[in-house]
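Coordinate inspection notes
This is what each chain is made of:
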Amino acid sequence: MGGLRVADQPFWAARMHAAGVAPPPQPQRRLTAEGLAAAIGQALDLEEIAGRLGHLIRAEDGARRAVKILESPA
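Residues numbered from 1 in each chain as written. Predicted model: local features only at pLDDT ≥ 70, side-chain atom pairs only at ≥ 80, totals over all residues. Heavy atoms only, no water.

**Some words on the pattern of salt bridges**
Per the stated rule, a full pass over the model turns up 2 salt bridges. Across the pair Glu48 and Arg52 runs a salt bridge whose closest N-O atoms are separated by 2.9 Å. Placement of both Glu48 and Arg52 in helix 3 (residues 47–60) is noted, with a separation of 4 residues, approximately one turn of the helix. With relative accessibility at 47%, the residue Arg52 sits in the partly exposed group. Asp61 is the partner of Arg64 in a salt bridge, and the nearest nitrogen-oxygen pair spans 2.6 Å. Look at Asp61 and you get partly exposed, because its relative accessible area is 32%. (Salt bridge = Lys/Arg side-chain N within 4 Å of Asp/Glu carboxyl O. Helix = DSSP H or I, 4+ residues; strand = E, 2+ residues; numbered from the N terminus. Buried < 20%, exposed > 50% of the residue type's maximum accessible area, 1.4 Å probe, protein only.)

If you want it as structure tokens, here you go:
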């Protein structure tokens, strides 16, 4: 299970960065205390934007929409 988490995490980090709500991904093999501190600072600066995106995503009600589409006649 741990391998799966490690394999998925960089993908989602990159997606969040591309959406403008997270700092660039920090590859573990190049991670330094200074780099981590900078990323945390950037994340704190993006907190409000990330919160707005989260609100929009929750408002989509994607699971309900997906079920409705799957249950509709083709």
